[in-house]
Amino acid sequence: MPPLRPTEIMLSPENNDIIKSWADVSIIIPKHPHGSGAAVPEKVFGVLQIVSKDRFGTYLEWTPSMESLLSEDGTYKAQSSCTVFTSKDGSYRIPHISIDIDDIKCFKISGGECNPQKVVFITNDGTSHPTLEIPEEIYNALVAFLQTRLLLERSAKDANLCLVRDRRRARKRNDPYEMPEQSPHFLQRFARSPVTTAFLGLSKVHNLLMNAVDVLAPPLAEPEMARPYPEYQMPPLGVLQSREDQDFEKPPLELPPRPPVARRGPLTAQEWNHCFDKDGRISDENALRVKEIIFRGGVDPSIRKDVWKYLLGYYEWNASLEERQERRQGLMDDYYRMKNQWSTISAEQERRFSVWRERKDLIEKDVHRTDRTHPFFEGKSAALKVMNELLLTYCMLNFDLGYVQGMSDLLTPVYVVMDGDEVDTFWTFNGLLEHVTHNFEMSKLMYELEEMATIMKYLDPSLKAYMDSNDPKMYFCFRWLLVQFKREFSFDDVMRLWEIFWTGFPCKNFHLLFGYAILEVEKNTIVENKFSSTEILRHINDLSMNIDLERTLKLAESIYHQLMGAEELPTSIRKIIGLATASETSNTQDYSPETPLLPLSKVSSSSNIRDRSPQICDRKRQPSGTDNSIM
C-alpha cells in the first residue's frame, strides 16, 4: 500500500505553544507481530512539532495528518498514544510520538545525502521510539533547534549515533547527593503513563548516583575534551567528532576478518518434491542438502506444514510413504489415548490431585492471553479450547515437566502452520519442545546465558566488561532464550527463524551466536549512553519487531566463520559450537560460506558424507559413472 500523504495539519490542544512545526514528516509503521488483515502502509505522513506545554516542558511531537487518514474502507480513531484504523479486514495502529526534549538520551540516524533521514530517538529510560523519516532540510532545522537545548556529539564508534552529552541550562545544584528536581507535572505524567515514568525515574536516580561517584572518586586523568560544535550547526553525517575513547582491551585470541555470506530464497515446492525417490523416501544426502537450503532461506509457506514434520521428528527422513502413514496412525492413537486419560479424571480425583489442578489453571490462564490478536485466536475462537486440550495432553506425555509458562507461546506458531490439525500440532509441538525443553529448567537456561556471555568475552571483551558492571547474568536476554526469540519478530519471521535453527546449520547453538549478533549491533547505543541495567532491559525489549532478521542472520553466520578461521579456539568456545576439543581428534572439513548451492536434482547419491551434522559435511564430489539424480 502506498504511503499516506498529508493534506492538513492536526491542531494542538489549547495552552500549548507551538515553537516549530514541519509538515511532510512520515513515521514508519512498526511490524505487527501477527500481521493484519488490513492493508498496512509502509509509512504515514504527518506533522512534526516542537511544543512548549504549560507546566509540562518542551516536547517533540509527531501526529498524523487527519486528511491523509480518510478512507472509504474503514475508520480512524485518535487516541492519546496512537491512531487506530479499523476496517472489515482488520486493524492497525499508527503510533504517535511525544518526547520531552530534556529526556532525549541519543538518536540514531540512517540515510544519505539528499535522502530523507530515518531517525530513532532514545530517551533516558532506554525507550526506543518509532522511526521518523525526515527530509534533509527539516532534519537540519530540527537538529539546529535541539542544539540550543542539548549538547550533541557524534559517536566516534558509530557514525550513525548522536549522543546527548549535556543539557544547555543553568545548573542550580552543586551537591551531588541532592535529589534531582522533578517538574511539577511528574505525578500527572505518572498517572498518565506509570510504566514509562517509573523507568524514567529509575534512570534518573541511576544517573544521579553515577554523578555522585564521579564527584567523590579521585580523578584518573584529565580527558581530552572534544571541540564543541558551533551553535545551530550539526556536523555532516560522515564526519566523526567526539572525545577520544580509550582503546578497547585487546581480544584474547586473534580472529581473522569476517567473511561475507550469501543467502537465498526459501526452499520451493519444486525443490522439495525432487528430493523424494519413487518410494517416497529422502536419502541422507538429500536430507542434508534440504537443511542447507532451509538454513540459507527458510521454507516456502506452501510446503511448511510438510517440511516441519521432518525437521521436528514427526517423520523420519528416510521413511517411505507407507511407513509414514503407519506412523501417523500410531501417533494418532497415542494422542487420543493420552487425551482420554486426563479427560476422564473425575471431580473427586481432581480435588485430591493438587499438581494437576495447578497445571490446569495455569494453562487456562496462559491460553487466554497468548497471541489473542492473531486471526486464529482472536475473540471466542474455537482454537483456544483445542490449545488448552493440547497442553493438558502434553502434561500426560511428560509428567515430570508438565506445563511451564512459555509453552503456550511456542505452541501458537505450530498450531497455525499445522492449520489447526490437532494430532499434527501435538506431535510437531512435542518435537519442538525436544529442542528447547532444557530452557524450562532454570539452571540450564542460566547455563545458556553463561555460554552467550562466554561468546561475548572472546569476541568483544569491552562489551563483556560493560555488561559485567551492569547485568553480569544478562537477564535481559532471558526472554530471547526461553521462547526462542518468538516475541522479537513477527509470526512470519519467527517461523523462518525457527526452521533455520532446527536445521543444525552451521553449528551447534547457532541461536546463541544469533543473540550475540543482536547485542553487537546495539553495543554502541548501550555503552556510549552508559545505560544502566534497567535501561538495557528497556532498550532490549523495545527492539521487539524492529530487528532486521536477514541482517542478523548474516552477521551471526559471519561470526561463526570468523571463529572457525581462528588458528586456535578456546575449549569453552569449541564446546559451545560443537567442535571437537583439543584432546579429541577430528578429520572433518568445515562448512564453508562459499559452498555453491546446487539444485536438489543435481545432487549425486554417490557423494561422500561423513556425518549428518553440517559442520563436518565433506563437500568434495567423487566422479561417478552413473547418473543417480533424483527425478
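A quick note: this is a predicted structure, and the numbers were derived from the prediction, not measured. (Residues numbered from 1 in each chain as written. Predicted model: local features only at pLDDT ≥ 70, side-chain atom pairs only at ≥ 80, totals over all residues. Heavy atoms only, no water.)

Student: Please provide a residue-by-residue account of the overall build of the protein, values included.
Tutor: On a plain count of helices and strands, the protein comes out with 20 helices and twelve strands. Residues counted as buried form 49% of the 631 residues belonging to the protein. At a minimum sequence separation of 6, the contacts of the protein that also span at least 24 residues come to 70%. Accessible area for the protein stands at about 31,100 Å²; split by element, carbon and sulfur atoms hold 51% of it. (Helix = DSSP H or I, 4+ residues; strand = E, 2+ residues; numbered from the N terminus. Buried < 20%, exposed > 50% of the residue type's maximum accessible area, 1.4 Å probe, protein only. Contact = heavy atoms within 4.5 Å. Areas by Shrake-Rupley, 256 points an atom, 1.4 Å probe, with all protein chains shown as cover.)

Student: A description of the pairing of strand β6 (residues 90-95) should follow, citing residues and the corresponding values.
Tutor: Pairing of strand β5 (residues 82-87) with β6 involves six bridges; the strand directions are antiparallel. Each residue of the ladder has a partner; that of T83, found in β6, is I94. In sequence, β5 turns back onto β6 through a hairpin of two residues. (Pairing = 2+ DSSP bridges.)

Student: Explain the pairing of strand β1 (residues 16-28) to me, and be specific about the residues and the numbers.
Tutor: Here β1 runs beside strand β2 (residues 43-53); their pairing, made up of ten bridges, is antiparallel. Note that in β2 the partner of V25 across the bridge is G46. Judged from the two bridges that link them, β1 and strand β10 (residues 132-134) form a sheet pairing that is antiparallel. Paired with I27 across the bridge in β10 is L132.

Student: Give a detailed account of the side chain of K523, specifying residues and quantitative values.
Tutor: Among the structural elements, K523 can be located in helix α17 (residues 510-528). Accessibility expressed as a relative area gives 8% for K523, which makes it buried. Reaching out from K523, the side chain makes a polar contact with the side chain of S462 at a distance of 3.2 Å. (Polar contact = N/O pair within 3.5 Å; in protein donor to acceptor, adjacent residues only side chain to side chain.)

Student: I'd like a description of the packing of α17 against helix α19 (residues 549-564), backed by residues and values.
Tutor: Packed helices, taken two at a time, are described by the angle their axes make and the gap between the axes. Close contact between α17 and α19 brings their axes to 8 Å; oriented N to C, the two are set at 110 degrees. Judged by the angle between their axes, α17 and α19 are roughly perpendicular. Crossing hand, α17 versus α19: right-handed. Note on element contacts: α19 touches α17 through L549, R551, T552, L553, L555, A556, E557, I559, Y560 and L563, opposite F510, L513, F514, Y516, A517, I518, E520 and V521. The class makeup of the residues in the contact of α17 with α19 is 14 nonpolar, one polar and three charged. (Axes fitted to C-alpha atoms, helices over the stretch in contact; angles between N-to-C directions. Parallel < 35°, antiparallel > 145°, perpendicular 65-115°, else oblique. Left-handed = near helix turned anticlockwise from the far one by under 90°. Nonpolar A, V, L, I, M, F, W, Y, C, P; charged D, E, K, R; others polar.)

Student: So what's going on with the nonpolar core? Which residues, and what values?
Tutor: Here is a general trend for soluble globular proteins: nonpolar side chains tend to be buried in one another's company. Judged by nonpolar contacts, the single largest core of 122 residues is most densely connected at W272 and F514. Of all the elements, helix α10 (residues 383-397) adds the most residues to this core, at ten residues. Ranked by size, the runner-up nonpolar core spans 32 residues in total, among them W22, I29, I104 and V143. (Core = buried A, V, L, I, M, F, W, Y, C linked by side-chain atoms within 4.5 Å.)

Student: If you had to explain the sheet that holds β2 to someone new, which residues and values would you point to?
Tutor: Read across the open sheet, the nine strands follow the order β7-β3-β2-β1-β10-β9-β8-β12-β11; overall the sheet is antiparallel. The two strands at the open ends of the sheet, each matched to only one other strand, are β7 (97-100) and β11 (150-154). If you compare each strand with its neighbour and ignore which way they point, the axes differ by 30 degrees on average. Sheet analysis places strand β8 (residues 104-110) next to strand β9 (residues 117-123), joined by six bridges and oriented antiparallel. Across the sheet, residue S110 finds its bridge partner in β9, namely K118. Relative to the sheet, helix α1 (residues 136-149) contacts β1, β2, β3 (57-64), β8, β9, β10, β11 and β12 (161-167), its axis offset from that of β11 by approximately 125 degrees.

Student: Can you tell me about the sheet that holds β6, naming the residues and giving the values?
Tutor: Spatial ordering of the open sheet is given by β4-β5-β6, a layout of three strands whose pairing is antiparallel. Each edge of the sheet is formed by a strand with only one pairing partner; in this case those strands are β4 (74-78) and β6. The sheet shows a mean angle of 20 degrees between the axes of neighbouring strands, taken without regard to direction.

Student: Explain the environment of K309 to me, and be specific about the residues and the numbers.
Tutor: The residue K309 is located in helix α6 (residues 304-311) in this model. Considered as a pair, K309 and T425 are 116 residues apart in the sequence and their alpha carbons are 9.5 Å apart. K309 has contacts with Y314, Y315, M418, D424 and T428, leaving out every residue within four places of it along the chain.

Student: Any details on the packing of α17 against helix α18 (residues 533-542)? Residues and values, ideally.
Tutor: Interaxial distance between α17 and α18 falls to 12 Å at its minimum, and their mutual angle equals 130 degrees. By the angle between their axes, α17 is oblique relative to α18. Crossing angle aside, the handedness with which α17 passes α18 is right-handed. On α18, the residues that touch L519, E522, T525 and I526 of α17 are I536, H539 and I540. When its residues are assigned to classes, the contact of α17 with α18 shows four nonpolar, two polar and one charged.

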